[in-house]
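Fold and contact review
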Amino acid sequence: MEKKFDVIALGELLIDFTMNGQSEQGNNMFEACPGGAPCNVLALLNKMGKKTAFIGKVGKDQFGTLLRDTITEAGIDASQLATDDQVNTTLAFVHTFPDGDREFSFYRNPGADMMLAEDDVDPAFIAQTKIFHFGTLSMTHDGVRAATKKAVQAAKDAGCLVSFDPNLRPPLWSSLDLAKEQMEYGFGVCDILKISDNEIQFVSGKEDYDEGIAYLQEKFHIPLILLTMGKDGSRAYYKGMRVERPGFSVKAIETTGAGDTFCGSTLNYIAEHGFKDLTEDNLGELLTFANAAAALVTTKKGAIRAMPVREEVEALIRG
């Protein structure tokens, strides 16, 4: 079957309110940035000329309209973005500390993204993609978890590659044990895993990253694992190889979307080069590009509208 899409992603679509200075009265000002990890991933892919689609749910409110318009403008197919008449669009307030670290306050009890139901998932639509991507924010509650699992099964049945980024946000889980359990579901079904340094420590209970990855490989046999280590760069683990590339130093203003940009870059590389026979050189090239793209996103506010084009990434690599 001819695949219409390179990547279809499912999950949360929300507004990230990021701090943007103070008013004359001395009140904090916030900027409404369209966000949500899965669409951040897709936005990067679109900038690289790939065809993408999104499955999710927003509220019947001004934020839902803004989000639908934003992803459509970014070139992401929004035909499977449902609207909930009862529940408002999910909001997140991002507090940035002087060192650039972040703390999230979520308005999602419930939020529209959680209301995605099994009936909202069309297996025939998912069958049209080469790669299906998801995370754990669509695994926090029963209904949306069932919808996510239906989508993953549809992707598997259609022979799509499955990509997973746990994207752990502890405040959104009723318990960290449940978070770990759902992360393990993801590890068990994915072909491509993007995981951060703190997430690997959380799931494996091991300080050393390589030991943590070895634990995951033994238990889940994931073909390709990408480990992100913030400004220290990243590693790829594939067919017994372990490849590492350093990060790029840029003047970061906020790290929102950096991991998603890295993830999108990885999927872009796989869409272009295939998945079966990656060499050590391929993996190095993949990591260098993904590290550079992720670094560029940290130099701007927000994520969906801050994605770099290929020329900008290549210019940073050339230095």
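Being a predicted model, the structure only gives us computed values, none of them experimental. (Residues numbered from 1 in each chain as written. Predicted model: local features only at pLDDT ≥ 70, side-chain atom pairs only at ≥ 80, totals over all residues. Heavy atoms only, no water.)

Topic: the sheet that holds strand β12 (residues 234-238)
Going by this rule: For two strands to count as paired, DSSP must find a minimum of two bridges between them. Here a helix means four or more residues in a row that DSSP labels H or I, a strand means two or more in a row labelled E, and each is numbered from the N terminus. Structural elements are reduced to axes, namely lines fitted to C-alpha atoms, with helices fitted over the stretch in contact, and the angle between N-to-C directions of any two is expressed from 0 to 180 degrees.
One open sheet holds the nine strands; their spatial order is β5-β4-β1-β8-β9-β10-β11-β12-β13, and the pairing between them is mixed. If you trace the sheet from one side to the other, it starts and ends with β5 (77-84) and β13 (241-245), each paired once. Going across the sheet, the axis of each strand differs from the next one's by a mean of 15°, ignoring polarity. Where strand β11 (residues 224-228) meets β12, five bridges bridge the pair, whose relative direction is antiparallel.

Digging into the environment of Thr 136
Here is the rule we go by: Only heavy atoms matter for contacts: two residues are in contact if any of them lie within 4.5 Å across the pair.
Mapping Thr 136 onto the fold places it in the loop between β8 (129-135) and α4 (142-157). Excluding anything up to four places from it in sequence, Thr 136 contacts Phe 164, Asp 165, Pro 166, Asn 167, Trp 173 and Met 183.

A word on the side chain of Asn 167
Applied cut-off: Any residue under 20% of the maximum accessible area for its type is buried, any over 50% is exposed, and the rest in between are partly exposed; the area is computed with a 1.4 Å probe on protein chains only.
Residue placement: Asn 167 occurs in the loop between β9 (161-165) and α5 (176-189). Accessibility expressed as a relative area gives 11% for Asn 167, which makes it buried.

Re the packing of helix α1 (residues 37-47) against helix α8 (residues 258-273)
The condition is simple: Under this scheme an angle from 65 to 115 degrees is roughly perpendicular, one under 35 degrees roughly parallel, and one over 145 degrees roughly antiparallel; angles in between are oblique. Two helices cross in a left-handed way if the nearer one is turned anticlockwise from the farther one by less than a right angle. They cross in a right-handed way if the turn is clockwise. Ten residue types, Ala, Val, Leu, Ile, Met, Phe, Trp, Tyr, Cys and Pro, are classed as nonpolar, four, Asp, Glu, Lys and Arg, as charged, and the remainder, Gly among them, as polar.
For the pair α1 and α8, the least separation of the axes is 8 Å and the interaxial angle reads 50°. Overall, the two elements α1 and α8 adopt an arrangement that is oblique. Relative to α8, α1 is oriented so that their crossing is right-handed. Two secondary-structure elements touch here, α1 through Ala 37, Asn 40, Val 41, Leu 44 and Leu 45 and α8 through Asp 260, Thr 261, Cys 263, Gly 264, Ser 265, Leu 267 and Asn 268. Looking at side-chain class alone, the contact of α1 with α8 contains six nonpolar, five polar and one charged residues.

Read these as spatial facts, not as claims about activity.
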